[in-house]
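So the chains spell out like this:
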Amino acid sequence: MVQTPIDPNSPDNAIETRDLRKVYRGRRGTKVALDGVSLAVPRGSFFGLLGPNGAGKSTFINILAGLVIKSGGQACVWGRDIDRAPREAKAAIGVVPQELNLDPFFTPRELLEVQAGMYGVPKAERRTMEILEAVGLADKAEAYARTLSGGMRRRLLVAKAMVHNPPVLVLDEPTAGVDIELRQSLWAYVKQLNAAGTTIVLTTHYLEEAEELCDRIAIINHGRVVACEDKRTLLGRLDSKALVLAVTGPLETVPEALVPFAPEIRPDGRLVVRYKPSEMPVAAILDAVAAAGLRVADLSTEETDLEDIFLQLTSSRMP
Ligand SMILES: Nc1ncnc2c1ncn2[C@@H]1O[C@H](COP(=O)(O)OP(=O)(O)OP(=O)(O)O)[C@@H](O)[C@H]1O
C-alpha cells in the first residue's frame, strides 16, 4: 500500500488559494476562467470540486499543477507558494488528467520509471511494481500502453500521478468513460490512499460520486465559488422535501384547495408538493389534499440531494 509519510510540519490545508484569477487572452477576445477563487482544502480530506462544463475546474487544477500560469491571486500546495517555491509545490501534487494521454509505445513499467525519473525519484526509492500492483496492473507491467483498455489506462494515469508519492492527489474527471466495475476498483484504491493520509481532490460530473466519496464539497460556477462546505452541511442546507402523491382518478389541473401549495403535476399524473419540513407538517398538505376531494392511492417523499442543490446554485445566468 502506498503511504504518504506523515510530516510533523504538515500544513493544516493541503491546498489554499486566495483570490485566484485566470484570464485567457486569445484572438477571439478574453475569457475570465477564474474570477477570484479563494478555497482551502483541509489536509487529509476527500474534497469534491464540482461545477458545470466550463466553470473553471480544470483551470484551477492546472494552475496548482504548474501547467497554467495564473493571472492573479495566490496559491499554495502543501504550504508551498506556487510562485515562491514552484518546484516544491509541484512535488507535493500529483494530477490525473482528464485526457487519456499516454505514450502508446511504452509499457506501464517504463512509463512509471520515466515519470519517476522526471520527478528525480532515486532508483532505490522507486516503487514501480508496488504502485502497479495497487492499481491492479501488475500483470500488464510489460504490455504496450496502446493494448490497454480505457479503464486500465485511467488506472495507469493514477499510478503515474503517484510515482513521486505526493501528499495531494488531484483527479480531474477520472471516471468519464470508465465502466462501473472499474470505477469501483478505482475508487477502492483512491479511498485507501485517502485513509492512508493522502488528500484527494476530485472533480466530477457524477454528483452521486461526489456525494458518496467526498467529505467536503466546493461548487464553482462561471469561475466563482458558489459553495464550499462540509458535505452534510451542504446537503442539509436546503430545508426542502417533496411529497409525491398518486391519486385515484385523472388529475389534469391543480384543485383550488391546493393552489397555495404551488404543486406540480408530473407527466405520469403524480402530484408533487415541495415543502420545508421545519415550517410545515406533512399532515397539513394531506389535509388540504383531502379537502380538495382527492383520494390518495400511494405516496412517497423525496429528500433534497446534491443534484438539486447543484442545480439551484449553478442555474444563475452569466454575470
Ligand atoms: N487555453 C484556453 N484558452 C482560452 N480559453 C480557455 C482555455 N482553457 C479554458 N478556457 C475557457 O475557460 C473556461 C473554463 O474552462 P475549464 O476547462 O477550466 O472549465 P472546466 O470547469 O474544467 O470545464 P470542463 O468540465 O468542461 O473541463 C471555459 O470557458 C473555457 O472555454
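Before reading further, recall that the structure is shown in the block above.
Only a predicted model underlies this, so the values are computations on that prediction, with no experimental measurement involved. Residue numbers run consecutively from 1 along every chain, following the written order of its sequence. In keeping with the predicted nature of the model, local features appear solely for residues at pLDDT of at least 70, side-chain atom pairs appear and are counted solely at 80 or more, and the whole-chain, interface and lining totals rest on all residues. Side-chain calculation: all heavy atoms of the structure are included, whereas hydrogens and water are not.

### Regarding helix H3 (residues 108-118)
- Per-residue accessibility, obtained with a 1.4 Å probe over protein chains only, is compared with the maximum for each type, and a residue is labelled buried under 20%, exposed over 50%, and partly exposed between these values. Only DSSP runs of H or I covering at least 4 residues are called helices, and only runs of E covering at least 2 are called strands; the numbering of each starts at the N terminus. All of the buried residues along H3 are Pro108, Leu111, Leu112, Gln115 and Ala116. One side of H3 carries all its buried residues, which in axial view fall inside an arc of 130°.
- Looking at the packing, one finds that the buried side of H3 touches helix H4 (128-134) and helix H5 (150-162).
- At the C-terminal side of H3, Gly120 shows a positive phi close to 70°. Arc definition: directions from the helix axis to the C-beta atoms. Two residues form a contact once any of their heavy atoms are found within 4.5 Å.

### Regarding the nonpolar core
- Side-chain atoms within 4.5 Å link the members of a nonpolar core, which is a set of buried Ala, Val, Leu, Ile, Met, Phe, Trp, Tyr and Cys residues. Core analysis: the largest hydrophobic core is formed by 43 residues, its most contacted members being Phe46, Leu50, Leu156, Leu169, Leu171 and Ile217.
- Element by element, the count of residues in this core is highest for H5, at six residues.
- Those residues in contact with Leu169, other than ones at most four positions away along the chain, are Gly94, Val96, Val158, Ala161, Met162, Leu193, Thr198, Thr199, Ile200 and Val201.
- Ala14, Val41, Phe47 and Ile63 belong to the second-largest nonpolar core, a separate cluster that totals 27 residues.

### Section: the environment of Thr204
- Relative to the elements of secondary structure, Thr204 occurs in the loop between strand E8 (199-203) and helix H7 (207-213).
- On the basis of relative accessible area, Thr204 is assigned to the buried category, the value being 2%.
- As a C-alpha pair, Thr204 and Leu50 span 154 residues in sequence and 6.1 Å in three-dimensional space.
- Those residues within four positions of Thr204 in sequence are excluded, and the remaining contacts are Leu49, Leu50, Glu173, Glu209 and Ala210.
- Under this definition, polar contacts are N or O atom pairs within 3.5 Å; protein pairs additionally need one hydrogen-donor-capable and one acceptor-capable atom, and for neighbouring residues in sequence, both atoms have to be side-chain atoms. Within the local environment of Thr204, its side chain forms a polar contact with the side chain of Glu209, the two groups lying 3.2 Å apart.

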